[in-house]
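Survey of secondary and tertiary structure
Residue strings, one per chain:
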Amino acid sequence: MSLNAKSPQDSQAETTVLMMPSDANPMGNVFGGVILKHVDLIAGIVAKRHVGHPNVVTAAMDRMTFLKPVFIGNALVLSARINYVRRSSMEVEVTVESEDYDSGTKARTGTAFVTLVALDKHGKATEVPPLLLETAEDKKRFSEGEKRMQQRLREAGKL
Ligand SMILES: CC(C)(COP(=O)(O)OP(=O)(O)OC[C@H]1O[C@@H](n2cnc3c(N)ncnc32)[C@H](O)[C@@H]1OP(=O)(O)O)[C@@H](O)C(=O)NCCC(=O)NCCS
C-alpha cells in the first residue's frame, strides 16, 4: 500500500524551554547533553507527525558543535523540520538558539541532523510517507539531505 505524501511544513515543530539549575554545571553552563535531549525530543515529534504514529526511534545523530554557551535562565529555542526521507528513515534538521532575557538577544547555539526510523508493531523498520516537495527550498534541502544520508550510511558501514 503506498502512503500519501506529506509536505515538510505539515510536521515542522518549534519549542522554547527555560533552562533551570538542574540543567547546568556549578558555573551555570547548561550541559551539552541537556541540549541534545531536547534536540532528540523535538526531532522525534517531527518524525511522529510525518509518519502519523508514535513508533519512531533515533538511529543516528550527527556531530553537533556548541557555538555559544547557554546559561541557567536562558531559554533554548528549537526549530525542527524534515529534510529527507528514504524507505523507513528520515532526516530531521534541528536548529538551536539561546534567548537571553537580560539583554533581549538570541544567539545561534548550533544545528543538528537527526536520523529517525519508523518501526511497525513488531519493531521492524517500516515504510514512511514520501515528502511532498513544493518549493525550491524543499527540493534543495531534500537533495542536501540525500547527500548527508549517503555519507552517514557510508560512515556506519551500511553502504
Ligand atoms: C535504527 C534501527 C531500527 C535500524 O535497524 P536495522 O536492523 O539496521 O534495520 P534496517 O537495516 O532494516 O534499516 C532500517 C533503516 O534504518 C537506516 N539506518 C540504520 N542504521 C543507520 C544509521 N547508522 N544511520 C542512518 N540510517 C540508518 C537504514 O538505512 C534503513 O533506512 P531505509 O529503510 O530508509 O533505507 C536499529 O539499529 C535500532 O533499533 N537501533 C536503536 C534505536 C534506539 O533505540 N534509539 C534510541 C537510543 S538507544
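Refer to the structure above for everything that follows.
Residues numbered from 1 in each chain as written. Predicted model: local features only at pLDDT ≥ 70, side-chain atom pairs only at ≥ 80, totals over all residues. Heavy atoms only, no water.

1. A closer look at the sheet that holds strand 1 (residues 13-18)
- With antiparallel pairing, five strands are arranged side by side in an open sheet as 1-3-4-5-2. The open sheet has two edge strands with one neighbour each: strand 1 and strand 2 (56-61). Across the sheet, the mean angle separating the axes of adjacent strands is 30° when strand polarity is ignored.
- Relative to strand 4 (residues 89-100), strand 3 (residues 75-85) runs antiparallel, the two sharing 10 bridges. Residue Arg81 lies in a different strand from strand 4, and its bridge partner there is Glu93.
- Where helix 2 (residues 32-51) meets the sheet, it contacts strand 1, strand 2, strand 3, strand 4 and strand 5 (105-118), and its direction lies at approximately 40° from that of strand 3.
- On top of the sheet, helix 3 (residues 136-155) reaches strand 3, strand 4 and strand 5; it is set at about 85° to strand 3, its chief contact. (Pairing = 2+ DSSP bridges. Helix = DSSP H or I, 4+ residues; strand = E, 2+ residues; numbered from the N terminus. Axes fitted to C-alpha atoms, helices over the stretch in contact; angles between N-to-C directions. Contact = heavy atoms within 4.5 Å.)

2. Notes on the site of the ligand
- The environment of the ligand is made up of 15 residues, and the closest members are Thr58, Arg86, Arg87, Ser88 and Ser89.
- The side chain of Lys158 places a nitrogen or oxygen atom 3.1 Å from an oxygen atom of the ligand.
- Look at the ligand: alone it shows 920 Å² of surface, and the protein chains cover 54% of it.
- Within the residue set of the shell around the ligand, elements represented by two or more residues are strand 2 and strand 5.
- Per-element tally for the shell around the ligand: the top contributor is strand 2, with four residues.
- Tallied by class, the residues present in the shell around the ligand amount to eight nonpolar, four polar and three charged. (Near = heavy atom within 4 Å. Polar contact = N/O pair within 3.5 Å; in protein donor to acceptor, adjacent residues only side chain to side chain. Areas by Shrake-Rupley, 256 points an atom, 1.4 Å probe, with all protein chains shown as cover. Nonpolar A, V, L, I, M, F, W, Y, C, P; charged D, E, K, R; others polar.)

3. A short note on the packing of aromatic side chains
- Under the defined criterion, the tally for this structure stands at one aromatic pair.
- The ring centre of Phe113 lies 3.9 Å from the NZ or CZ of Arg148, which sits over that ring. (Phe/Tyr/Trp six-rings, centres within 6.5 Å; stacked < 30°, edge-to-face > 60°. Lys NZ or Arg CZ within 6 Å of the ring centre and 35° of its normal.)

4. Regarding the layout of surface pockets
- Space inside the largest pocket adds up to approximately 260 Å³.
- Lining the largest pocket are 14 residues, and of these Ala59, Ser89, Thr115, Val117 and Leu153 sit closest to its centre.
- Elements with a minimum of two residues in the lining of the largest pocket: strand 2, strand 5 and helix 3.
- When residues in the lining of the largest pocket are grouped by element, the largest group, three residues, is from helix 3.
- Among the residues making up the lining of the largest pocket, the classes are represented as seven nonpolar, three polar and four charged. (1 Å grid on protein atoms, 1.4 Å probe; cavity = no way out; pocket = protein on both sides within 12 Å on 5 of 7 lines; lining within 4 Å. Points joined across faces, edges and corners; volume = space filled by probe spheres on them.)

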